[in-house]
Amino acid sequence: MSGHLRVGMVGYSFMGAAHSHAWRTAPRFFDLPLAPELTALAGRNESAARAAATKLGWDSVETDWRRLIERDDIDVVDICSPGNTHAGIAIAALEAGKHVLCEKPLANTVEEAEKMAAVATAAAARGVYSMCGFTYRRTPALALAKRMVEEGRLGTIRHVRAQYLQDWLSDADAPLTWRLDKDKSGSGSLGDIGAHSIDAAQWIAGSNITGVSALMETFVTERPVGGDFVGLGGHGGTDGPRGPVTVDDAAIFTARFGGGSGSGGGSGSGPIGVFEATRFALGRKNAMRLELNGTLASVAFDFEDMNVLSFYDGASGPDAGFRRIIVTEPSHPYVGNWWPTGHGLGYEHGFTHQVVDFVTAIAHGQQPAPSFADALQVQKVLAAVEASAAAESHWQKV
């Protein structure tokens, strides 16, 4: 490669728009070692793909992802298509010598994820790198929480408490989309949003989940096949045909973590955790919440107030309470390249930070994180949750 990194992206809907914005924006605010170029966009519907390419800033269009991978002017393949396509595209791209950025969850099954991780490991030995898009790692407040844990400010982590609450499926007549089809999406709230909570919790705590006990529920089993689509959901016709919902609407589970950097070491026993993911929490739009309680301090985060990290110092006394850290200082992760103190960031900035970290790792010949191996571990947790829920919540090892 020269000083440029030529990107080909597969998919152009919600995630495709977010990734496109990030590829365009990152080099304008960060000094990158390689300059990204939005070279080609791939989508099956040529007219829709061309319209998206024009709107999102891509130079050309392909209607077959295989053709995208065959092109000599593509260095990176960015996968923003549904989960059932991830394995085929990622494996072919890596074997063709293309770096890969793949949206989460990595795949629809552990078996697919294992194949992807194995190919990624072999590719990395040849200097071809891959990363999974768990973008909440790039939220400055969560990255600050990670720094605090690594510095030992929380002491030994005892509790991990994670919720991801949305309400866009609360309307029983919201239309049937690919996210509600298990063959395409792999799972519902569990894989769509719960996977983010799992990755962020493990990353910040510095230890992995080793076992779970779970419940999963589908509240609305049939939905309109068509309708008015707005955002992720919308409203379908009440008189037309309806199709089956084959994924979970909500998932809850308890978890035990193994020993790690935030678990005190020695005994090998880590924190205990409680997780909840739902798209039926009326009034909660994108409440990705995470709290860690340690022997010295606690941190708490809610993405609906994403520029704030709440911190409680146990040494400050019982009357001190949590204090709000406004995570907009130049010393905070990623923030120094943006606006003056107090001028907050938004959802899209996590994707920009993802591009920054990915491009920098490629340029330096380093494995970016989270790797496909990291994403495989999350996939194993998802599988354990499903297995436990199917077995009347019996404890399931990861």
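Think of each chain on its own: its residues are numbered from 1, step by step along the sequence as written. Owing to the predicted nature of the model, reporting of local features is limited to residues with pLDDT of at least 70; listing and counting of side-chain atom pairs is limited to 80 or more, with chain, interface and lining totals taken over all residues. To get the side-chain values, all heavy atoms of the structure are used, and hydrogens and water are removed first.

Draft legend 1. Representation of the packing of aromatic side chains in the model. Centres within 6.5 Å make a pair out of two Phe, Tyr or Trp rings, where for Trp the six-membered ring is used; the pair is then stacked when the planes are under 30 degrees apart, edge-to-face when over 60, and tilted otherwise. As enumerated under the stated definition, the model contains 14 aromatic pairs in all. On the basis of an interplanar angle of 80° and a centroid distance of 5.4 Å, the ring pair of F29 and W339 is categorised as edge-to-face. Taken as a pair, F29 in helix α1 (residues 14-29) and W339 in the loop between β18 (323-326) and α9 (347-364) lie far apart in primary sequence, 310 residues in all. When the ring of F30 is compared with that of W338, the centres are 5.7 Å apart and the planes differ by 75°; the resulting orientation is edge-to-face. Taken together, the residues F30 in the loop between α1 and β2 (35-42) and W338 in the loop between β18 and α9 connect sequence positions 308 residues apart. The exposure classification of F30 matches that of W338, with both residues buried. In this structure an aromatic cluster arises from ring pairing among F14, Y136, Y164, F301, F303, Y347 and F351. The secondary structure listing takes helices from DSSP runs of H or I that are at least 4 residues long and strands from runs of E that are at least 2 residues long, numbered from the N terminus. Remark: exposure states derive from per-residue accessible area (1.4 Å probe, protein chains only) relative to the maximum for the residue type, with buried under 20%, exposed over 50%, and partly exposed in between.

Draft legend 2. Inspection of empty space enclosed by the protein at higher detail. Lining residues are those with an atom within 4 Å of a point, where the points come from a 1 Å grid over the protein atoms alone and group into cavities, where a 1.4 Å probe fits but cannot get out, or pockets, open sets with protein on both sides within 12 Å along at least five of seven lines. Grid points are joined across faces, edges and corners, and a volume is the space filled by probe spheres set on the points. Taken as a whole and assessed by the stated rule, the structure comprises three cavities of 30 Å³ or more. Estimates place the volume of the largest cavity at around 40 Å³. As for the largest cavity, its lining consists of A162, L190, G194, S197, A251, F253, F275, E276 and A277. Among the secondary structure elements, those contributing two or more residues to the lining of the largest cavity are α8 (189-205), β13 (250-258) and β14 (269-278).

Draft legend 3. Representation of the pattern of salt bridges within the structure. Any carboxyl oxygen of Asp or Glu that lies within 4 Å of a side-chain nitrogen of Lys or Arg is treated as forming a salt bridge with it. A complete count under the given rule lists 19 salt bridges for this structure. A salt bridge links E291 to R161; the nearest nitrogen and oxygen atoms lie 3.2 Å apart. Taken together, the residues E291 in strand β15 (residues 287-294) and R161 in strand β7 (residues 157-165) connect sequence positions 130 residues apart. Judged by relative accessible area, E291 falls into the partly exposed class, the value being 24%. Each member of the salt-bridge network shares a partner with another, and the members are E62, R67, R71 and D73.

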